[in-house]
Amino acid sequence: MKRCADDSARARLKLAPRGTSTNQERETEGLETAEHQHLRFNPLRGSWILVSAHRMKRPWQGQIERPPEENIPRHEPTNPLCPGSRRANGEVNPKYESTFMFDNDFPALQPDAPDPGPGDHPLFQAKAAKGVCKVMCFHPWSDITLPLMQLSEIKTVIDRWAELIEELGPKYPWVQIFENKGAMMGCSNPHPHCQVWASSFLPNEPDLADDHQRAHWKTHGQVMLVEYARQEAVRKERVVVENEHWLVVVPYWASWPFQTMLLPRRHVLRLPDLTSQEREALASIMKRLLTKYDNLFEVSFPYSMGWHGAPTGPYLQEDMSHWQLHAHYYPPLLRSASVRKFMVGYEMLALEQRDLTPEQAAERLRNLPEVHYKDKVKGRTVEGQGE
């Protein structure tokens, strides 16, 4: 098991043990988080990030991104994700009217890949990697995204996600549902869709999350993210939106500028465990969050998001009570629709660093309207705005 206790993380950064610094009280009293750099601990990964909010004052002379395309045709016969279109493998999509699922035509994982066999040296190790990759279209229209969909349509997406865990989970230890939205996040097709990769192994990030949540449970007797959600619900300063069943926060340890975490209020292991009421509430809070994202710079906000729940496959027979279902949203935009955060240099070679505090980011998102800017321009009312 990986080391994940706070003390080991402090040791790796050569931090003084708590309470040993004679200047500790004076340093804490003088700290202004919006002005002074400081480190924050990510308990899910057992790692630290550097918060340097004062860097937002520097003038930007770097790369300017192209804003996302706004005028996307509703249906394009040559778009392989549209209803009735022909895909790369020659198959023709049905004229679907809701969600549509198919096997990825260019999968990163295949179920029949050969085993590379044991390596001949400890520095040259390899293992078998098998699995399946699927694509799921959210909607038949290409010019719509989740925040512009009706609540009933978003709930259909959530129900399909849960069905995928039930379908693939018994065979595979990990089923990763994720959405890359926008060209800035590597999305090659604007049609609203996500991907599902089910693997014969537990990938790095969920493996870290498993270790650290398990260690927290053993040490403190509490489910880490259940306790975290309770704390954030009381503190309020990083809450973006909330309802009876869900909470969205900018994590205390967030590394991306407007990163958020979506958490259920009760202890839930996996998506299929959600009740019908919780799924309806999830559709509502997703719509509210993603509307705020789009309203921040009045563009279709790019991000990568994904669900993390208790591992499946052989882990279905184990006690995974230390896990809590949650979703991560990682948006790259920082200053405007055309200026993004780059994770390069120091972030790649030393430590993740962010340019505004999570509290500042949460406040900006929290204060944004929950009516989508496109709907305000068109003067129309759409089902599901607000709660």
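Further up the page is the structure itself.
Predicted model, so just to flag it, every value in this text is computed and none were measured. Residues take numbers from 1 onward in each chain, read along the sequence in its written order. Restriction of local features to residues with pLDDT of at least 70 applies here, the model being predicted, together with a cutoff of 80 or more for giving and counting side-chain atom pairs; totals for whole chains, interfaces and linings are based on all residues. Calculation of side-chain values draws on the structure's entire complement of heavy atoms; hydrogens and water are dropped beforehand.

Engineer: Teacher, can you tell me more about the overall build of the protein here?
Structural biologist: When you go through the protein residue by residue, the secondary structure sums to nine helices and 14 strands. Throughout this description, buried means an accessible area under 20% of the type-specific maximum (1.4 Å probe, protein chains only), exposed means over 50%, and partly exposed covers the range between. Burial status across the protein gives 52% buried among its 387 residues. Only heavy atoms enter the contact rule, under which two residues are in contact if any of them lie within 4.5 Å. Here the contacts in the protein between residues at least 6 apart in sequence split such that 70% fall between residues at least 24 apart. Numbered from the N terminus, helices here are DSSP runs of H or I no shorter than four residues, and strands are runs of E no shorter than two.

Engineer: Hey, could you run me through the environment of Q213 in this one?
Structural biologist: By the element assignment, Q213 lies in helix α4 (residues 204-220). Given a relative accessible area of 0%, Q213 falls into the buried group. Each C-alpha atom of the pair Q213 and P43 lies 8.1 Å from the other, and the pair is 170 residues apart in sequence. The contact partners of Q213, leaving out residues within four places of it in the chain, are L44, M224, L225, H322, W323 and Q324.

Engineer: Looking at this structure, I do not really get the sheet that holds strand β14 (residues 352-354). What am I missing?
Structural biologist: Two orientations exist for strands paired in a sheet by backbone hydrogen bonds: parallel and antiparallel. Across the sheet, three strands lie side by side as β1-β2-β14; this open sheet has mixed pairing. What marks the edges here is a single partner per strand, and that holds for β1 (38-42) and β14. For this sheet, the mean inter-axis angle between neighbouring strands, taken without regard to orientation, is 35°. Across three bridges, the pairing between strand β2 (residues 47-51) and β14 is parallel. Its bridge partner lying in β14, V51 is registered against R354. Two strands qualify as a pair provided that DSSP identifies no fewer than 2 bridges between them. In this analysis an axis means a line fitted to C-alpha atoms, helices contributing only their contacting stretch, and an angle means the value between N-to-C directions, from 0 to 180 degrees.

Engineer: Just to check I follow, could you spell out the nonpolar core for this structure?
Structural biologist: Note that soluble globular proteins tend to have their nonpolar side chains buried in a common cluster. What makes a nonpolar core is a set of buried Ala, Val, Leu, Ile, Met, Phe, Trp, Tyr and Cys residues whose side-chain atoms join them at distances within 4.5 Å. In terms of nonpolar packing, the biggest core is built from 60 residues, with W161, L262, W307 and Y329 touching the most fellow members. Dropping the residues within four chain positions of it, L262 is found in contact with W246, L247, V248, L282, I285, M286, W307, H326, A327 and Y329. By size, the runner-up hydrophobic cluster in this structure holds 18 residues, among which are A209, A233, V249 and M320.

Engineer: Would you explain the pattern of salt bridges in this entry?
Structural biologist: One side chain can pair with another of opposite charge once the charged atoms of both are near each other. Salt bridges are defined by distance alone: a side-chain nitrogen of Lys or Arg within 4 Å of a carboxyl oxygen of Asp or Glu. Taken as a whole, this structure holds 23 salt bridges when the rule is applied. The shortest N-O distance in the salt bridge between E205 and R45 comes to 2.9 Å. Taken as a pair, E205 in helix α4 and R45 in the loop between β1 and β2 lie far apart in primary sequence, 160 residues in all. Given a relative accessible area of 30%, R45 falls into the partly exposed group. With a shortest N-O distance of 3.1 Å, R74 and D143 are connected by a salt bridge. Note that R74 is positioned in the loop between β2 and β3 (100-103) and D143 in the loop between β4 (131-137) and α3 (151-168), a separation of 69 residues in sequence. Each member of the salt-bridge network shares a partner with another, and the members are R40, E232, E237, R238 and E359.

Engineer: Quick question: what am I supposed to make of the environment of S284 here?
Structural biologist: One can find S284 in helix α6 (residues 276-297). A sequence separation of 133 residues divides S284 from L151, and the C-alpha atoms of the two residues are 6.4 Å apart.

Engineer: Would you mind showing me how to read the side chain of S300 here?
Structural biologist: Here S300 is to be found in the loop between α6 and β10 (303-308). Using a relative accessible area of 17% as the deciding quantity, one classes S300 as buried. A polar contact of 3.1 Å, which involves the side chain of S300, links it to the side chain of K181. Polar contacts, as counted here, are pairs of nitrogen or oxygen atoms within 3.5 Å of one another; within protein the pair requires one atom able to donate a hydrogen and one able to accept it, and residues that are adjacent in sequence qualify only if both atoms are side-chain atoms.

Engineer: Would you mind going over the pairing of strand β6 (residues 193-199) with me for this structure?
Structural biologist: On any regular strand, side chains alternate: one points to one face of the sheet, the next to the other face. In terms of burial, β6 is a largely internal element, six of the seven residues being buried. In this sheet, β6 lies alongside β4 in antiparallel orientation, the contact comprising seven bridges. Of the residues in β6, the one forming a bridge with V132 is A198. As judged from the five bridges shared by strand β5 (residues 174-181) and β6, these two strands associate in the antiparallel manner. Residue F178 lies in a different strand from β6, and its bridge partner there is Q195.

Engineer: Just checking my understanding: could you explain the packing of α6 against helix α8 (residues 358-366) for this structure?
Structural biologist: Angle between the axes and distance between the axes: these two values describe a pair of packed helices. Their axes nearest at 9 Å, the elements α6 and α8 cross at an angle of 95°. Taken together, the axis directions place α6 and α8 in an arrangement best described as roughly perpendicular. Contact residues: α6 offers K292, Y293, L296 and F297, while α8 offers R364, L365 and R366. Residue composition of the contact of α6 with α8, by class: four nonpolar, no polar and three charged. Any angle that is under 35 degrees is reported as roughly parallel, and any over 145 degrees as roughly antiparallel; angles of 65 to 115 degrees are reported as roughly perpendicular and all others as oblique. Following the grouping adopted for this structure description, the nonpolar residues are Ala, Val, Leu, Ile, Met, Phe, Trp, Tyr, Cys and Pro, the charged ones are Asp, Glu, Lys and Arg, and the polar ones are all others, Gly among them.

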